[in-house]
Amino acid sequence: MSDFAADAAGPEETDEQPIKQRKNGLYPGVSDELAENMKSGWADTELHGLEPIAQAAHTAHRRAALSARFPGERLVIPAGNLRTRSNDTEYAFRASTEYAYLTGDQTHDGVLVLEPTKDGHEAAVYLLPRSDRENGEFWLDGQGELWVGRRHSLAEAEQLLGIPAKDVRELPERLREATGPVRGVRGHDAGIEAALTDKVTAERDEELRVFLSEARLVKDEFEIAELQKACDSTARGFEDVVRVLDKAEATSERYIEGTFFLRARVDGNDIGYGSICAAGPHATTLHWVRNDGAVRPGELLLLDAGVETTELYTADVTRTLPINGRFSELQRKIYDAVYEAQEAGIAAVRPGAPYRDFHDAAQRVLATRLVEWGLLGDLDVEKVLELGLQRRWTLHGTGHMLGMDVHDCAAARTETYVEGTLEPGMCLTVEPGLYFQADDLTVPAEYRGIGVRIEDDILVTEDGNRNLSAALPRQADEVEAWMARLKG
């Protein structure tokens, strides 16, 4: 990784935009002649006649709903800043969900501001402009365009986003001078929060966050298409993994993780969350993301992974696969119980149904099977469910909302989410599981170390539901046939 940019900083620094110099750099500074040379001889690369991004009409509609909810108030929604990974390297940037949802933009340091007017709000997006060539920022600064790539000019951003674009470096002072009620989304941009510190309250800001979370409960056409795209790419990623299971056996779970990550980066933006590549007894750890264990024939692989599209919508899919391609008798018995529970859960997803119905339906099936297997003594199913005793082996809820976040709409009010009613356009996971810990002495020894989860992404439709991840088989015989075909 080259280190010239910050090394060269020195004589061309300005009071407005100081260019940080790296300690122990190889270049002590920049000669006047070189600084002058770098100012000229560059072609005009301004782009004209750009078409709006695909979701521009949708983001405008979302901003209009936000404006109607908070009339007369200034609303400030930041994208967030780069975060240091180590020393002078940063984590890959991912814009805040609220900002990307309302603008379609994904650049760091961006801020959406809705200024109140007598008729509603005027929206503007505040962004970093093109790197300054006069003061040398574009080649001397570590985030200059010669180092990290060209960014859009403000005029280009206006054409793409359909929103007036302004210089974000001027925004903190404007916010400090602003009067009247203000609400902001917290936790993404410390500088913006500092500029608003005496103008906002935690209560008002939380109301804004809750509204934006609830606004995403029902997906529009653009979002549904993105979720389908994410599921289709995820299905291809699972196929990629099955094809290389022999290589994973020779190495570790990390081969599986890396294989799926390649698909995520080729087809989309990234993985939507840390992939769970849990082989053998690791499958009983719900969020096993270390992915450093052995992959052994005769055991199961629980793969929970999702591709995030370039527009930041993620799938969330789980399949539990026999590593050697065939379920053992006991593995199949447990798998079939989870499959039956998932079928019951999916059947309960329909418009007008209470949100909790799919969870209750799946849990009833699992409790029934656990009682039948003699794992709960002489208790009947109703008593088990009343006391929640099945949770020793089912552990988690049966699903959650899905969208731009893997656990989408998490800040929504309980009465509109968990205690709410399903509507067309909602998208949720249905993911029952059974997990028998390796050290669980309450179950027969042969159960211990077996974990099974099956998860699909279910869209509520006008007349029922649609499984967006149906490209991947679920029934045990179909899974075995699919794996045999992929392995050749």
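Analysis parameters
Residues numbered from 1 in each chain as written. Predicted model: local features only at pLDDT ≥ 70, side-chain atom pairs only at ≥ 80, totals over all residues. Heavy atoms only, no water. UniProt positions renumbered as here; feature names shortened; annotations may be inferred. Helix = DSSP H or I, 4+ residues; strand = E, 2+ residues; numbered from the N terminus. Buried < 20%, exposed > 50% of the residue type's maximum accessible area, 1.4 Å probe, protein only. Contact = heavy atoms within 4.5 Å. Areas by Shrake-Rupley, 256 points an atom, 1.4 Å probe, with all protein chains shown as cover. Lys, Arg positive; Asp, Glu negative; His and termini not counted. Charge placed at Lys NZ, Arg CZ, Asp CG, Glu CD. Axes fitted to C-alpha atoms, helices over the stretch in contact; angles between N-to-C directions. Pairing = 2+ DSSP bridges. Core = buried A, V, L, I, M, F, W, Y, C linked by side-chain atoms within 4.5 Å. Phe/Tyr/Trp six-rings, centres within 6.5 Å; stacked < 30°, edge-to-face > 60°. Lys NZ or Arg CZ within 6 Å of the ring centre and 35° of its normal. Expected span 1.5 Å × (residues − 1). Arc of directions from axis to C-beta. Salt bridge = Lys/Arg side-chain N within 4 Å of Asp/Glu carboxyl O. Polar contact = N/O pair within 3.5 Å; in protein donor to acceptor, adjacent residues only side chain to side chain.

You'll find the protein entered in an unreviewed UniProt entry as Xaa-Pro aminopeptidase, with Streptomyces formicae given as the organism. Database annotation for the protein, UniProt heading Catalytic activity (unreviewed entry): "Release of any N-terminal amino acid, including proline, that is linked to proline, even from a dipeptide or tripeptide." Regarding the protein, the relevant UniProt record gives this comment under Cofactor (unreviewed entry): "Mn(2+)".

**Here's the deal with the overall build of the protein**
Across its full length, the protein carries 18 helices and 17 strands. Each of the three principal axes of the protein carries a C-alpha extent, and together these read 85 × 55 × 40 Å. A total of 488 residues make up the protein; the buried ones form 50% of that total. Long-range pairs, those at least 24 residues apart, make up 68% of the contacts in the protein with a sequence separation of at least 6. Surface accessibility of the protein: about 22,300 Å² in total, with carbon and sulfur atoms responsible for 50%. Looking at the protein, you have 54 positive and 87 negative side-chain charges, and the mean spots of the two groups are 3 Å apart.

**Focus: the UniProt feature "domain: Aminopeptidase P N-terminal" (unreviewed entry) in the protein**
The positions UniProt marks with the feature "domain: Aminopeptidase P N-terminal" (unreviewed entry) are residues 53-193. Spanning residues 53-193, this segment combines 34% helix with 22% strand, and its end C-alpha atoms are found 29 Å apart.

**Details of the packing of helix H14 (residues 329-347) against helix H18 (residues 476-487)**
Interhelical geometry of H14 versus H18 gives an angle of 115° and a closest axis separation of 10 Å. Here Arg332, Tyr335 and Asp336 of H14 come into contact with H18, specifically with Ala476, Asp477, Val479 and Glu480.

**Here we look at the sheet that holds strand S1 (residues 74-78)**
Strand pairs in the sheet, formed through backbone hydrogen bonds, run parallel or antiparallel to each other. Strand order in the open sheet formed by five strands is S6-S5-S4-S1-S7, with mixed pairing between adjacent strands. The sheet terminates laterally at strand S6 (165-167) and strand S7 (182-184), the two strands that pair on one side only. For this sheet, the mean angle separating the axes of adjacent strands, direction not counted, is 25°. With three bridges joining them, strand S5 (residues 120-127) and S6 adopt parallel strand pairing. Among the inter-strand pairings, leucine 127 is bridged to a residue of S6, identified as aspartate 167. Sitting on the sheet, helix H10 (residues 202-215) is in contact with S1 and S7, with an inclination near 55° to S7.

**Re the nonpolar core**
Core analysis: the largest hydrophobic core is formed by 89 residues, its most contacted members being Leu66, Ile77, Ile256, Ile334, Trp373, Leu434 and Phe436. Looking at this core element by element, the count peaks at nine residues for helix H11 (residues 221-243). Among residues more than four places away in sequence, those in contact with leucine 66 are Leu75, Ile77, Leu102, Leu114, Leu208, Phe211 and Leu212. Cys409, Ala412, Val430 and Ile458 belong to the second-largest nonpolar core, a separate cluster that totals 16 residues.

**Regarding the packing of aromatic side chains**
What the rule picks out here adds up to nine aromatic pairs. Centroid distance tryptophan 42 to phenylalanine 138: 5.5 Å. Interplanar angle 80°. Geometry classified as edge-to-face. Placement of tryptophan 42 in the loop between helix H2 (32-37) and helix H3 (56-69) and of phenylalanine 138 in helix H5 (residues 137-140) is noted, with a sequence separation of 96 residues between them. Ring geometry for phenylalanine 238 against phenylalanine 260: centres 5.9 Å apart, planes inclined by 85°, an arrangement best described as edge-to-face. Placement of phenylalanine 238 in helix H11 and of phenylalanine 260 in helix H13 (residues 253-267) is noted, with a sequence separation of 22 residues between them. Across the pair, exposure class does not vary: phenylalanine 238 and phenylalanine 260 are buried alike. One aromatic cluster is present, built from ring pairs that chain together Trp373, Trp393, Phe436 and Tyr447. Taking the ring centre of phenylalanine 138 as reference, the NZ or CZ of arginine 133 above it sits at 4.5 Å.

**Some words on H3**
Between its first and last C-alpha atoms H3 spans 20 Å; for 14 residues at 1.5 Å apiece the expected length is 20 Å, and the two agree. Those residues of H3 that fall on the buried side of the exposure criterion are Ala56, Thr59, Arg62, Arg63, Leu66 and Ser67. The arc enclosing the buried residues of H3, seen along the axis, measures out at 140°, which places them on a common side. Among the exposed residues of H3, those oriented more than 90 degrees off its buried face are Ala57, His61 and Ala68.

**Things to note about the pattern of salt bridges**
What the rule picks out here adds up to 40 salt bridges. Between arginine 216 and aspartate 405 there is a salt bridge whose closest N-O contact spans 3.7 Å. On the criterion of sequence distance, the pair formed by arginine 216 in the loop between H10 and H11 and aspartate 405 in the loop between helix H17 (391-394) and strand S13 (427-430) is long-range, its members being 189 residues apart. On the basis of relative accessible area, arginine 216 is assigned to the buried category, the value being 3%.

**Concerning H13**
Taking 1.5 Å per residue as the helical rise, H13 with its 15 residues ought to reach 21 Å, and the 22 Å between its terminal C-alpha atoms agrees with that figure. Buried residues along H13 sit in contact with H11, helix H12 (245-250), strand S8 (270-271), strand S9 (276-279), strand S10 (300-305) and strand S11 (307-308).

**Some remarks on the sheet that holds S9**
One open sheet accounts for three strands, arranged S9-S10-S12; its pairing is antiparallel. Each edge of the open sheet carries a strand with a single partner, namely S9 and strand S12 (317-322). Each neighbouring strand pair of the sheet contributes to a mean axis angle of 10°, computed without reference to strand direction. Relative to S10, S9 runs antiparallel, the two sharing four bridges. Directly across from isoleucine 276, in S10, lies its bridge partner aspartate 304.

**Looking at unusual backbone geometry**
For leucine 312, which is not glycine, the phi dihedral falls at a positive 80°. Mapped onto the fold, leucine 312 is located in the loop between S11 and S12. Leucine 312 sits in the buried class, given a relative accessible area of 1%.

**Topic: the side chain of arginine 183**
Tracing the chain through its elements places arginine 183 in strand S7. By relative accessible area, which is 7% here, arginine 183 ends up buried. Among the polar contacts listed, one links the side chain of arginine 183 to the side chain of glutamate 207, at a separation of 2.8 Å.

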